[in-house]
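An overview of the molecular structure
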Amino acid sequence: MSDSATDAPPMVGGDGICSYYKNSYLQRRSANVVKEKIDEEIAKKLDFHNLPGASNTFRLADLGCSVGPNTFFHVQDLLEAIRQKYEMQFRTSQTPEFQVFFNDQPMNDFNTLFNNLPQERQYFAAGVPGSFYDRLFPESFLHFVHCSTSLHWLSKLPEQLLDKNSPAWNRGRIHYTNAPNEVVSAYASQFARDMENFLSVRSKELVSGGMAVIISQGIPNGMLYSELQNGVMFECMSLSLMDMVEEGIVSEAQVDSFNLPFYAASPEEMTEIVERNGFFSIERMELNDPAAWLKRRINIPEWVVHVRAAMEKSFSKHFGREVPDELFDRLTKKLGKFSDELELKYREKTLLLVVLKRQ
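Residues numbered from 1 in each chain as written. Predicted model: local features only at pLDDT ≥ 70, side-chain atom pairs only at ≥ 80, totals over all residues. Heavy atoms only, no water.

As recorded by an unreviewed UniProt entry, the protein chain carries the name METHYLTRANSFERASES SUPERFAMILY PROTEIN putative-RELATED and is attributed to Salix koriyanagi.

Structure follows, in structure tokens:
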């Protein structure tokens, strides 16, 4: 998330029944799919002999941390792998001190985050509010950057989506799923600009030899978003809102002027952006099955609650506080009609793991 992402408010704060804190365990399980691969890359690629200052204080930033608890699990796993690499490289159990920076946009509920900070943590913790598309840290300051399930949120929506005279006007839809090519291209171009900004500012903040791990929503090369599980979900959201238009609950103009700033990039797109940026080497880039752990049919109500925790504020900001209850209830029912289709789609590899090293 980012403070410039005015079209993408933060996750639902607090620790109530609809909060992101209580409804983000699906994201955690998905991220755990790539844990061993991240550990492997740290063991192979992180080199303390060529990492300035890391032997005294190792500084790690988790960007887009939200309200927890996932960020704490990620940090714990990462620091354990980093400690093991240090001990292996120097044949000692005396590791450096660790400083962890938790970043999210200023509107994020940092109170909930720090109220749940682990008591037995073995690191110094600090909060850093601000957009991760902008500079957040001094030059050559960080040794490791982690960003999980955040970079698919755009910093802003492409302006042409709301221009009635533009071929990219996204009338009657809230996403680029099933939209004309001009809409898809507008989203893709905005993502490319955002990712370029992200890499450029991280290249200044990371020391030479520092690493960046990105876990994001992705899509296989050449595949349409409508072919994926999330594509069905976004389409059902649009249909639910249009049903509400017909019933006079929301206006057509409200729907036409609303778009979710969410984009899933392919490995091909991401590779091109990183190579064009030129400051990082690609150590690993691959798509993974985010539901590899799931051995049963998808639980649609559970899934919708997680989606709501991540997106409710976007809808309430635009349509009003009374709309999300009705919308997500309709979404649950509508997705239930597509349950067989979802079963065929949800096994697709849509979790993009990117491991980069600062050159």
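1. Thoughts on the packing of helix H6 (residues 229-246) against helix H9 (residues 300-319)
As a packed pair, H6 and H9 sit with axes 13 Å apart at the nearest point and diverge in direction by 45°. Put simply, H6 runs oblique to H9. By crossing handedness, the relation of H6 to H9 is classed as right-handed. Residues Gln229, Asn230, Met233, Phe234, Met237 and Leu241 of H6 form the contact with H9, whose own contacting residues are Trp303, Val307, Met311, Phe315 and Phe319. Looking at the contact of H6 with H9 residue by residue, the classes come out as 9 nonpolar, 2 polar and no charged. (Axes fitted to C-alpha atoms, helices over the stretch in contact; angles between N-to-C directions. Helix = DSSP H or I, 4+ residues; strand = E, 2+ residues; numbered from the N terminus. Parallel < 35°, antiparallel > 145°, perpendicular 65-115°, else oblique. Left-handed = near helix turned anticlockwise from the far one by under 90°. Contact = heavy atoms within 4.5 Å. Nonpolar A, V, L, I, M, F, W, Y, C, P; charged D, E, K, R; others polar.)

2. A look at the nonpolar core
Judged by nonpolar contacts, the single largest core of 75 residues is most densely connected at Phe198, Met237, Met311, Phe315 and Leu335. Apart from the residues lying within four places of it in its own chain, the contact partners of phenylalanine 315 are Ile174, Met237, Leu241, Phe258, Leu260, Gly320, Pro324, Leu327 and Phe328. Counting 33 residues, the second largest nonpolar core, distinct from the first, contains Ile38, Phe98, Val207 and Met211. (Core = buried A, V, L, I, M, F, W, Y, C linked by side-chain atoms within 4.5 Å. Buried < 20%, exposed > 50% of the residue type's maximum accessible area, 1.4 Å probe, protein only.)

3. Description of the environment of proline 261
When you line up the elements, proline 261 lands in the loop between helix H7 (252-256) and helix H8 (267-277). Through-space distance from the C-alpha of proline 261 to that of tyrosine 187 is 8.1 Å; in sequence the pair is 74 residues apart.

4. Concerning the pairing of strand S2 (residues 97-104)
Look at any regular strand and the pattern is simple: side chains alternate between the two faces of the sheet. Along S2, 6 of the 8 residues are buried, which leaves the element largely enclosed by surrounding structure. Sheet analysis places strand S1 (residues 57-63) next to S2, joined by 7 bridges and oriented parallel. The residue bridging arginine 59 from the neighbouring strand is glutamine 99, located in S2. Regarding the hand of the β-α-β motif, the stretch spanning S1, helix H3 (residues 70-90) and S2 is right-handed. Between the parallel pair S2 and strand S3 (residues 124-129), the chain is carried across by helix H4 (residues 110-115), and the sense of this crossover is right-handed. (Pairing = 2+ DSSP bridges. Right-handed = clockwise from strand over helix to strand, strands pointing away.)

5. What about the sheet that holds strand S5 (residues 206-217)?
Read across the sheet, 7 strands follow the order S3-S2-S1-S4-S5-S7-S6 without closing on themselves; strand pairing throughout is mixed. Either end of the sheet is taken by a strand with one partner, and the two such strands are S3 and strand S6 (280-288). Taken over all neighbouring pairs, the strand axes of this sheet differ in orientation by 15° on average, direction set aside. Sheet topology note: the S1/strand S4 (residues 142-148) ladder contains 3 bridges and is parallel. Within S4, the position partnered with aspartate 62 by the bridge is histidine 146. Across the sheet, helix H5 (residues 181-205) lies against S1, S4, S5, S6 and strand S7 (351-358), angled at about 150° from S5, the strand it touches most.

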